[in-house]
Amino acid sequence: QYFVCNVGQIFSGQIHDMQYTMNTLIDVWKEFQDPNTKGLLANVIAVFPDIEDQLVAKEINLSAWESPKDAHNWYVRSPGHKNALFQHSSGLLRAFGNLLASLEPGGPVRHH
């Protein structure tokens, strides 16, 4: 069991960055709909388009995978993820910052 959490923040005045980010998100969702996406257990995304008094939009994306290998394989093969990396590294996104964290349970997972 393995989790990937991506937290992004975009300056509210940059509609350009928000549009690119949302389009990429839709591409990734389409990829996740493929029944051959090995190891994906769940994906939850929360988008906060306008955080009051902070002038930012935030996106929190949490995915659960059967194993670190399944998550890694999806990330290195995903056209949507490659596009997101390109947008960051090319400067296409001008006001977007993010944190990508990989998480593994420290003990047995309890199911409720």
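Owing to the predicted nature of the structure, the values given are computational and were not obtained by experimental measurement.

S.K.: Quick one: what's the story with the overall build of the chain, residue by residue and with numbers?
M.R.: For the chain, the helix and strand inventory stands at 3 helices and 4 strands. Dimensions along the principal axes, computed over C-alpha positions, put the chain at roughly 40 × 30 × 20 Å. Within the chain, the proportion of its 112 residues that are buried is 30%. Surface exposure of the chain reaches about 7500 Å², of which carbon and sulfur atoms provide 57%. If you average the places of the 8 positive and of the 11 negative side-chain charges in the chain, the two averages end up 9 Å apart.

S.K.: Break down the packing of aromatic side chains for me, with residues and values.
M.R.: According to the stated counting rule, one finds 4 aromatic pairs in the structure shown. Ring centres 4.8 Å apart and planes at 45° place the aromatic pair Phe 32 and Trp 74 in the tilted group. One end of the pair, Phe 32, is in helix α1 (residues 15–32); the other, Trp 74, is in helix α2 (residues 68–77), with 42 residues separating them in the sequence. In this structure Trp 74 comes out as buried when scored by relative accessible area, which is 11%. With 4.9 Å between their ring centres and 85° between their planes, Trp 74 and Tyr 75 make a pair best called edge-to-face. Cluster of aromatic residues (ring-pair linked, three or more members): Phe 32, Trp 65, Trp 74 and Tyr 75.

S.K.: Outline the sheet that holds strand β2 (residues 40–51), supporting the account with residue identities and numerical values.
M.R.: With antiparallel pairing, 4 strands are arranged side by side in an open sheet as β2-β3-β1-β4. A strand with exactly one partner marks an edge of an open sheet, and here the two such strands are β2 and β4 (96–103). Direction aside, the axes of adjacent strands within the sheet are offset by 10° on average. By the bridge criterion, 10 bridges tie strand β1 (residues 2–11) to strand β3 (residues 56–65) in an arrangement that is antiparallel. Its bridge partner lying in β3, Gln 9 is registered against Lys 58. Strands in contact with α1 are β1, β2, β3 and β4; relative to β2, the strand with the most contacts, it is inclined by about 165°.

S.K.: Any details on the packing of α2 against helix α3 (residues 79–90)? Residues and values, ideally.
M.R.: Where α2 meets α3, the axes come as close as 5 Å, and the angle between the chain directions of the two elements is 65°. Facing Trp 74, Tyr 75, Val 76 and Arg 77 of α2, the residues of α3 in contact are Pro 79, His 81 and Lys 82. Residues of the contact of α2 with α3, tallied by class, amount to 4 nonpolar, 1 polar and 2 charged.

S.K.: An account of the environment of Gly 107 is requested, with residue identities and associated values reported.
M.R.: Its location among the elements puts Gly 107 in the segment after β4. Separated by 46 residues in sequence, Gly 107 and Asn 61 have C-alpha atoms that sit 23 Å apart.

Rules of the game
Residue indices begin from 1 for each chain and proceed along its sequence in written order. Per-residue local features of the predicted model are confined to residues with pLDDT of at least 70, and side-chain atom pairs are confined, for both listing and counting, to 80 or more; whole-chain, interface and lining totals are unaffected and use all residues. Side-chain measures were taken over the full set of non-hydrogen atoms in the model, leaving aside hydrogen atoms and water. Helical segments are the DSSP runs of H or I of at least four residues, strand segments are the runs of E of at least two, and each set is numbered from the N terminus. Only protein chains enter the accessibility calculation, which uses a 1.4 Å probe. A residue is then buried if its area is under 20% of the maximum for its type, exposed if over 50%, and partly exposed in between. To measure how exposed things are, a 1.4 Å probe is used in the Shrake-Rupley method; for residues, cover is taken only from the protein chains shown. Neither His nor the chain termini are counted; the positive set is Lys and Arg, and the negative set is Asp and Glu. Every charge is mapped onto a representative atom, which is NZ of Lys, CZ of Arg, CG of Asp or CD of Glu. Stacked, tilted and edge-to-face are the three classes applied to pairs of Phe, Tyr and Trp rings, where Trp contributes its six-membered ring and a pair requires centres within 6.5 Å; stacked means planes under 30 degrees apart, edge-to-face means over 60, and tilted covers the rest. DSSP bridges decide pairing: two strands pair if at least two such bridges lie between them. Where helices are involved, their axes are fitted lines through C-alpha atoms of the stretch in contact, as for all axes, and angles between N-to-C directions lie from 0 to 180°. Note on contacts: a residue pair qualifies if any of its non-hydrogen atoms lie within 4.5 Å across the two residues. Asp, Glu, Lys and Arg are counted as charged, while Ala, Val, Leu, Ile, Met, Phe, Trp, Tyr, Cys and Pro are counted as nonpolar; the rest, among them Gly, fall into the polar class.

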